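# Residue-level structural notes
Chain residues, written in single-letter form:
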Amino acid sequence: MDLAYIPSPSTGVINLGPIPLRGYAFCIIIGVFVAVWYGNKRWIARGGTAGTVADIAVWAVPFGLVGGRLYHVITDYQLYFSEGENWVDAFKIWEGGLGIWGAIALGAVGAWIGCRRRGIPLPAYADAIAPGIAFAQAIGRWGNWFNQELYGKPTDLPWALKITESANREAGLYHPTFLYESLWCVGVAFLVIWADRRFKLGHGRAFALYVAAYCVGRAWIEYMRVDEAHHILGLRLNVWTAIGVFVLAVVYMVVSARVRPGREEIVEPKAAKEAADKAAVTADDEDASAEDAAADSVTDPLTDTGKDAAGRDGSDGDVEHGAGNGAGSAAKS
């Protein structure tokens, strides 16, 4: 008797009348929202303007979805183009099947286009959104839970995932690799946040750290999975991909730190110009106020009557007083 396990949902779709709400798509959408929201906060903290991350995401997200789907279809082509399979299913992205490697690669192309249109350096943008992407992956992995896919080897651990029987899977308790990767991605996000604050990472190194750290976790999690995959020298294709991408990310961090140390001072020229213009206007206003105050404090000699506090003319009074004293002295003589 199994006393503890993680149950799987009976269905991955909730129908609201004629509109189907699919858990997989819902997780992807929430993940994108979190990535843009948190990326926007980091971008503003770096000196950028609000809304820039979302504007570039309009390019990056569609490219990323296409890239993720292409990677999955190419590496698992037998699922769609083998005998008895329907190639039209390759377009059914809502049924699952997004390769993170393709999503990041083609998503970077979309982000580059968006950055070029706004005159923003892509590495700075990538650094800002890196933790958000990791959080998005953590959320998106729960879409695999809704579809009962990408689980690991059989296990009797208390946190085992219960899979129900269907045409493509056998009922049983398995390692919840979706959960392992989700938790790993959360850890990667916090690692990048900490390292960025501690070492002031710039010029794409925060993004490279995210990539390298993710690859480490993906390699051992991929090794636990039992779904069909291509193997090279006894290792799954995605394990080799993780190893290769990890090496590239580490090399980039080392070379970038030597060639371009430190962090970008200006990440969005438009924002910097607006801030400079605003500071100049504020300085002009302050100078004008100071000049007005100085002018008010100067007494106009043509209008100054020289009266004392009692309203009397001090100089005339002194003359009259002196004249009176002189007349008195003359009388006494």
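Everything numeric in this text was worked out from a predicted model, so none of it was measured.

The next thing to look at is the packing of helix α4 (residues 100-118) against helix α8 (residues 205-224). Where α4 contacts α8, the two axes come as close as 13 Å, and the packing angle between them is 170 degrees. Comparing the axis directions of α4 and α8 gives the class roughly antiparallel. In contact with Ile100, Trp101 and Ile104 of α4, α8 contributes Phe207, Tyr210, Tyr214, Cys215 and Arg218.

Our focus in this paragraph is the packing of aromatic side chains. Tallied over the entire structure, the rule returns 14 aromatic pairs. Clustering of aromatic rings is evident, with ring pairs tying together Trp37, Tyr38, Phe135 and Phe190.

Further remarks concern the pattern of salt bridges. Going through the model one piece at a time under the given rule, you end up with 13 salt bridges. Across the salt bridge formed by Asp196 and Arg42, the nearest N and O atoms sit 2.8 Å from each other. Pair noted here: Asp196 is in helix α7 (residues 177-199) and Arg42 is in helix α1 (residues 23-45), with a separation of 154 residues, a long-range link. The buried category is assigned to Asp196, whose relative accessible area is 5%. Here Glu222 makes a salt bridge to Arg225, at a shortest N to O gap of 3.2 Å. By relative accessible area, Glu222 is classed as buried at 1%.

In this section: the nonpolar core. Nonpolar side chains in soluble globular proteins generally cluster together in the buried interior. Judged by nonpolar contacts, the single largest core of 43 residues is most densely connected at Trp43, Trp101, Tyr125, Val192, Phe207 and Tyr210. Elements supplying a minimum of two residues to this core: α1, α2 (52-75), α4, α5 (122-140), α7, α8 and α9 (237-259). Per-element tally for this core: the top contributor is α5, with 10 residues. Aside from chain neighbours lying at most four places away, what touches Val192 is Ala130, Pro131, Ala206, Leu209 and Tyr210. Counting 8 residues, the second largest nonpolar core, distinct from the first, contains Tyr151, Leu161, Phe178 and Leu179.

Moving on, we get to α5. Maximum bend of α5: about 45 degrees, positioned at Ile129, with proline Pro131 one to four residues after it. Among the 19 residues in α5, 16 count as buried, and that is most of the element.

Rules of the game
- Residues numbered from 1 in each chain as written.
- Predicted model: local features only at pLDDT ≥ 70, side-chain atom pairs only at ≥ 80, totals over all residues.
- Heavy atoms only, no water.
- Axes fitted to C-alpha atoms, helices over the stretch in contact; angles between N-to-C directions.
- Helix = DSSP H or I, 4+ residues; strand = E, 2+ residues; numbered from the N terminus.
- Parallel < 35°, antiparallel > 145°, perpendicular 65-115°, else oblique.
- Contact = heavy atoms within 4.5 Å.
- Phe/Tyr/Trp six-rings, centres within 6.5 Å; stacked < 30°, edge-to-face > 60°.
- Salt bridge = Lys/Arg side-chain N within 4 Å of Asp/Glu carboxyl O.
- Buried < 20%, exposed > 50% of the residue type's maximum accessible area, 1.4 Å probe, protein only.
- Core = buried A, V, L, I, M, F, W, Y, C linked by side-chain atoms within 4.5 Å.
- Bend = angle between axes of the 7 residues up to and from the residue.

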